[in-house]
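# Commentary on secondary and tertiary structure
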Amino acid sequence: MAFPAPHHVPTPSPSAPQADTPNRLFWRWWRKQSPSQQDRYATLGPLVSVLLFLAVIIAAFWYLRNEELEREQESVKRDTEVVQQQLRLRLIENQEHVQRLARDVNFKAISVEQFMLQASDFVRPRPEVLSLSWVQANEQVKAVRTTLTLSLESGQPIDRDPLENQADHYTPLHKAPETRQAFAQARERNQPTYSQPFLNTAGIKAIQLHLPMMDRQGFAGALIAEYSLETLMRHQVPQEILQRHAMSLVRADGDLITSSVGAVTSRSAKPSFVHDVIVTPIGNGLLLRGMGFKTSSSLVGSTLFWMVVALSLLTVWTLVGTLRHMRRRAEIQKALVQETNFRRAMENSMLTGMRTIDLEGRITYVNPAFCAMTGFAEHELIGARPPYPYWPRDRIDEFHRMFQQELLGRSPTGGVELNMERRDGSQFDARMYVSPLIDAEGNQTGWMTSVTNITEAKRVRDQLTAAHERFTTVLEGLDAAVSVMSVQRGEMLFANRSYRIWFGGNPEAHVQLTGGQVMPDEVIDGDESVDHFGGLPTQKLTDAGSDTHEVYMDNVQKWFDVRARYVQWTDGNLAQMLIATDISARKQAEEAAARQAEKSQFTSRLITMGEMASTVAHELNQPLAAISNYCSGMISRVQAGNIDNEQLVGALEKTSRQAQRAGQIIHRIRQFVKRSEPQRQPSRVRDITDAVLELAVFEMKRRRVTLNSTVANRLPTIMADPILIEQVLLNLLKNAAEAIDSAQTPQSRRHIDLRVQQRYFEDQGDVVEFTVSDGGPGMREDMLARLFEAFHSTKAEGLGIGLSLCRSIIESHHGRIKAENIYNGQMVMGCRFTFTLPIDNCDEADTGLPFPTDLLAE
């Protein structure tokens, strides 16, 4: 129903209070609506009525159509079951006839000719039967009757070449596995069996019925009837059913075998209704599928129905057009209100003051921001004429001149900076922009002025200027050279005083300090030009850490520690900032420290050799005494004349061997103590240990200490200074012997074990580990903590530089050294020193021969 228009609404007469009925509630709600909403609801009434009528028509049509579809689906189901019954009766009839023939063959022992006659009577009136065969238990065909050929001779094998004669196309047991499977099932179950659908040698889709025959010995063979599925469907499906629906034979997986389609049905059409039933007595997953197709309904073609629909659509279109017109008008009104509200909200929320004056200079509009800025209320400013209340009293004439320029339209486009006075007398800095105010006809009606308070901006600008001056002063006062170069243009953007003193304003010094690389690696690798780099993002480059390196500048004869990074310059382009600190004094101190360390190492070796001087002198005395004795004896015997040449040569050879022994001792001492520059080189661990053991054997003999060494075979080559490593290892062995001797350790514990092997540690990787273990008294825990400190010694006459120097040498080779006591329960049984050296994996393994493992004291 349509709602009445607002002017038709009756006004209820005043009366006593009544109960709230639905009608009273409706009119109460109606009066609360706005006129535009009442007009909208009044227009929606007829539209709702037409839509309800159309909905009823569509619902009736939908109901009738569903009824028709249900009847069509029921018809498909009924016709499918009728065809199923026709096929079942036909197959059962044929199966019974074949069973009677099988009994005759089994019990009456008929001949092949009699079988062929009865088979001909069976095949001739049944077009769906392709053949009837008599197959023996050994799968050989005894007789076969087909629709095309005569019988075969008995005893022919099944698997002959099908091209030998035309009759082989109807061999009952084809090469298809379905026929042999059915024959085997008939043999096992002793009951009629249907095969799966297959394609015979003639290209016909067929199935076979296998009827087993039994005798006293058991399975005697089978009668095989072969059906053509297409012929079976063509003759057994009634024509009146094909006129209505399509019938087809499908497998259980939906694969189509054969189909019978009526004249009124297109083969390409998609069926709307499908009903599947099992084809009995065949089974074996063979389904009969009935398919129905949609047809035009008499209801849809009804002229009355379409007229009602057309009239309803026309009415709806008319009402929709009216509704759209009213909606557009309401939307325009709403947009106008929204635009007005938006403009007012924007003017009220913005911080910029807005002022409008007419051509005579009278203020016609001010926004809240202007009022808040000047401190005057809106009613105090509207209608005001010059001089305005916010003009400073001491600058009235100046403001009059600016106002006249404003009325003449000569205000600068960049705005005018001026001072304005608040109601309380305080002043603030402002910038004023003036533009003409044009009405809808294009006529100028006044001037629109926007005023911005720039007091805070000026304060910040002044602070930034002062901060920039302070920052520039700091940079100019730095001892380091600071420079900034543009990556795109290659020109110097900034250079402080130190840079100008050392290098002047030359940008080439900046390039030399950076090593010649001003462009980032990303651009160099990409082979891009500097001009194209200006558009690339600089965020990743400026976020990257600084690059630090040391450079020596020949022109100033100084070393510089250079730190460079990329920054985004004030113009937005990429620039390279460089800070170069003079480190010449530090370099000189490092060189002096290196020379001092070299002297300390050399002094340590001299001290070690000095401490071993008596032992070395004793060892040299033995070959020298032997040489003296040999020479004296040869002189005496030569003077006496009782020595021949052979004896003289033997004595001289012995003298030579003793001289070579003394020379080897002196050569090893000279190699150990000679001054040379530290040099890391590929070194064989076996050569280092052999050299140390040759020197240490003298000290071990003097102190009656047994030295046992175990050096692993195939140790890898290490990058080290062999002389320094020998010094460390000899110092540890000498300290161990001194500890054992000074503690007067019994002979059973007077031994030192040297073990060299390859190890792996998670924090170091693959290393060569040197371990020196002794049977001495060990050390206190407080001594172990300070053992490697400089000038700390465990011996009363020690200088405290030996182990400290050992630690420095090992750490310079990126190795580690430690000391620990050896415990047997709570008792200290000795001390163990261990140091490791990293392995250079690129070198070959050390395969040298082992040094003698047991050196016993004399």
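Conventions used here
Residues numbered from 1 in each chain as written. Predicted model: local features only at pLDDT ≥ 70, side-chain atom pairs only at ≥ 80, totals over all residues. Heavy atoms only, no water. Helix = DSSP H or I, 4+ residues; strand = E, 2+ residues; numbered from the N terminus. Buried < 20%, exposed > 50% of the residue type's maximum accessible area, 1.4 Å probe, protein only. Contact = heavy atoms within 4.5 Å. Areas by Shrake-Rupley, 256 points an atom, 1.4 Å probe, with all protein chains shown as cover. Pairing = 2+ DSSP bridges. Axes fitted to C-alpha atoms, helices over the stretch in contact; angles between N-to-C directions. Core = buried A, V, L, I, M, F, W, Y, C linked by side-chain atoms within 4.5 Å. Expected span 1.5 Å × (residues − 1). Arc of directions from axis to C-beta. pLDDT = per-residue confidence, 0-100. Salt bridge = Lys/Arg side-chain N within 4 Å of Asp/Glu carboxyl O. Phe/Tyr/Trp six-rings, centres within 6.5 Å; stacked < 30°, edge-to-face > 60°.

### Side note on the overall build of the protein
- For the protein, the helix and strand inventory stands at 23 helices and 30 strands.
- Burial analysis of the protein (858 residues in total) assigns 39% to the buried set.
- Restricting the contact set of the protein to residue pairs at least 6 apart, pairs at least 24 apart contribute 59%.
- Here the protein displays about 48900 Å² of accessible surface, and carbon together with sulfur accounts for 53% of that area.

### Points about the sheet that holds strand β15 (residues 444-453)
- With respect to topology, five strands assemble into an open sheet ordered β12-β11-β15-β14-β13, the strand pairing being antiparallel. The open sheet has two edge strands with one neighbour each: β12 (363-366) and β13 (416-421). Between one strand axis and the next, the sheet turns by 35° as a mean value, whatever way the strands run.
- Summarising the sheet, β13 and strand β14 (residues 427-438) pair through six bridges and their orientation is antiparallel. Its bridge partner being in β14, E421 is matched across the sheet by Q427.

### Observations regarding the nonpolar core
- In this structure, I752, F833 and F835 are the most contacted members of the largest nonpolar core, which totals 45 residues.
- No other element matches helix α21 (residues 722-742), which puts ten residues into this core.
- Residues contacting F833, with those up to four places away along its chain left out, are L732, F770, T771, V772, M779, L787, F788, L803, K818 and A819.
- In this structure, A119, L211, L242 and M247 belong to the second largest nonpolar core, which totals 40 residues.

### Some points on the sheet that holds strand β8 (residues 256-260)
- Ordered by their spatial adjacency, four strands build an open sheet running β8-β7-β10-β9, and the pairing between neighbours is antiparallel. With one partner strand each, in any of the chains shown, β8 and β9 (273-278) form the two edges of the open sheet. The mean angle between the axes of side-by-side strands here comes to 20°, regardless of whether they run parallel or antiparallel.
- Against the sheet, helix α5 (residues 229-236) makes contact with β7 (246-250), β8 and β10 (287-292), and its axis sits at roughly 25° relative to β8, the strand it touches most.

### Comments concerning helix α10 (residues 396-407)
- Spanning twelve residues, α10 covers 16 Å between terminal C-alpha atoms, matching the ideal 16 Å at 1.5 Å per step.
- Here α10 has its buried residues at I396, F399, F403 and E406. End-on view of α10: buried residues confined to an arc of 75°, all on one side of the axis. Exposed and facing more than 90 degrees away from the buried side of α10 are D397 and R401.
- In this structure, the buried residues of α10 make contact with β11 (353-358), β13, β14 and β15.
- Looking one or two places after α10, you find G409, whose phi comes out positive at around 75°.

### Some points on the confidence of the model for the protein
- Per-residue confidence for the protein averages 77 on the pLDDT scale, and 78% of its residues sit at or above 70.
- Looking across the protein, the model is least confident in strand β30 (residues 854-855), with a mean pLDDT of 32, and most confident in strand β26 (residues 765-774), with 93.
- Within the model, the stretch residues 150-169 combines pLDDT values under 50 with 35 contacts to residues more than four positions away or in other chains.
- The low-confidence segment residues 523-542 (pLDDT under 50) makes 26 contacts with residues lying over four places distant or belonging to another chain.

### Examining unusual backbone geometry
- With an omega of -5°, the peptide bond between P386 and P387 qualifies as cis.
- Residues other than glycine seldom take positive phi values, yet N190 does so here, at roughly 60°.
- With respect to the helices and strands, the residue N190 is situated in the loop between α4 (177-189) and β3 (193-194).
- The phi dihedral of R704 is positive, around 55°, even though this residue is not glycine.

### Considerations on the environment of E347
- Checked against the element boundaries, E347 lands in helix α7 (residues 303-349).
- Note on E347: relative accessible area 14%, which makes it buried.
- Beyond its immediate stretch of four places on either side in the chain, E347 contacts Y365, N367 and P368.

### Some details on the pattern of salt bridges
- Summed over the entire model, instances satisfying the criterion amount to 28 salt bridges.
- Among the salt bridges present, the one from R489 reaches E491, with a minimum N-O distance of 2.9 Å.
- We classify R489 as partly exposed; its relative accessible area is 46%.
- What makes E491 partly exposed here is its relative accessible area of 37%.
- In the salt-bridge network here, residues are joined through shared partners; they are D358, E360, R362 and R385.

### Topic: the packing of aromatic side chains
- The tally for this structure, following the rule as stated, stands at 14 aromatic pairs.
- With centroids separated by 5.8 Å and ring planes inclined at 80°, the aromatic side chains of F183 and F219 adopt a geometry described as edge-to-face. Here F183 is found in helix α4, whereas its partner F219 is found in strand β6 (residues 218-228), with 36 residues between them in sequence.
- Summarising the aromatic geometry, the rings of W391 and F399 are spaced 5.6 Å apart at their centres and angled 40° between planes, so their arrangement reads as tilted. The burial state of W391 is the same as that of F399; both residues are buried.
- Through successive ring pairs, a cluster of aromatic residues spans F370, Y388, Y390, W391, F399 and F403.

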